[in-house]
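Examining the three-dimensional arrangement
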Amino acid sequence: MQHSSLLVLNGPNLSRLGRREPEVYGTMTLDDINEGLMGRYVDVNFEFFQSEYEGGVIEKIYDCEDRGGFIGAVLNAGALTHYSIALRDAISAVQLPVVEVHLSNVHAREGFRQTSLLAPVCAGVISGFGADSYRLGVEALLQRLQA
């Protein structure tokens, strides 16, 4: 039995995973992460989206809300996490639960990365578990659906 759809949404620079600072972000590409999720959760209908642009991420959130049928979103907003009031407003404007995820432990990094404008309007935050952060985000949304 297939659940409703689950959005996995990625912001700027996540397209460079596997090549960008592998000592911080690991060697898996975004495609590797997405394929791993599809292989592990065969009953989940995933929709994957990545944009280098703030507006693209915001439009995708609104699009999923408008189309309906989504149980939530796993969001790695990248740098938008730390400065995008517009993205924060978009998350708070929809009924779609969002789990914020990060590959690295943002609290062990530069001071500016330790503040998330998104966390207060998200269902939860998972940080520091590499590619497993995405899996844990999916688990959190699936548990929420069962509750």
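Relevant structure appears above.
The shown structure was predicted, so the numbers you read here are calculated from the model rather than taken from an experiment.

Looking at the packing of aromatic side chains
Scanning all chains against the criterion turns up 2 aromatic pairs. With a centroid separation of 6.4 Å and 65° between ring planes, the pair formed by Tyr41 and Phe46 is classed as edge-to-face. We note that Tyr41, like Phe46, is buried. A ring pair is formed by Phe46 and Phe48, whose centres lie 5.4 Å apart and whose planes are at 15°; its orientation type is stacked. Under the relative-accessibility criterion, Phe46 is labelled buried at 12%. An aromatic cluster of three or more residues is present, and its members are Tyr41, Phe46 and Phe48.

As for helix H3 (residues 54-67)
Look at H3: 20 Å from first C-alpha to last across 14 residues, which is about the 20 Å you get at 1.5 Å a residue. Buried residues belonging to H3 abut strand S1 (5-10), strand S2 (45-50), strand S3 (70-76) and helix H4 (85-93). Looking at the residues trailing H3, positive phi occurs at Gly68, about 75°.

Some remarks on the nonpolar core
Counting residues in hydrophobic clusters, the biggest one holds 20 residues, and the most contacted among them are Leu6, Leu37, Tyr41, Phe46, Val74, Tyr134 and Val138. Looking at which element gives the most residues to this core, the answer is helix H5 (residues 132-146), with 4 residues. Aside from chain neighbours lying at most four places away, what touches Val74 is Leu6, Leu7, Val8, Leu9, Val99, Val101, Tyr134, Gly137, Val138 and Leu141. Membership of the second largest hydrophobic core comes to 19 residues, among which are Phe70, Val98, Leu118 and Cys122.

Details of the side chain of Ser127
Checked against the element boundaries, Ser127 lands in strand S5 (residues 124-127). By relative accessible area, Ser127 is classed as buried at 17%. Within the structure, Ser127 has its side chain in polar contact with the backbone oxygen of Ser104 (distance 2.9 Å). When neighbours within four sequence positions are excluded, Ser127 is seen to be in contact with His102, Ser104, Asn105, Val106 and Ser133.

Criteria and cut-off values
- Residues numbered from 1 in each chain as written.
- Predicted model: local features only at pLDDT ≥ 70, side-chain atom pairs only at ≥ 80, totals over all residues.
- Heavy atoms only, no water.
- Phe/Tyr/Trp six-rings, centres within 6.5 Å; stacked < 30°, edge-to-face > 60°.
- Buried < 20%, exposed > 50% of the residue type's maximum accessible area, 1.4 Å probe, protein only.
- Helix = DSSP H or I, 4+ residues; strand = E, 2+ residues; numbered from the N terminus.
- Expected span 1.5 Å × (residues − 1).
- Contact = heavy atoms within 4.5 Å.
- Core = buried A, V, L, I, M, F, W, Y, C linked by side-chain atoms within 4.5 Å.
- Polar contact = N/O pair within 3.5 Å; in protein donor to acceptor, adjacent residues only side chain to side chain.

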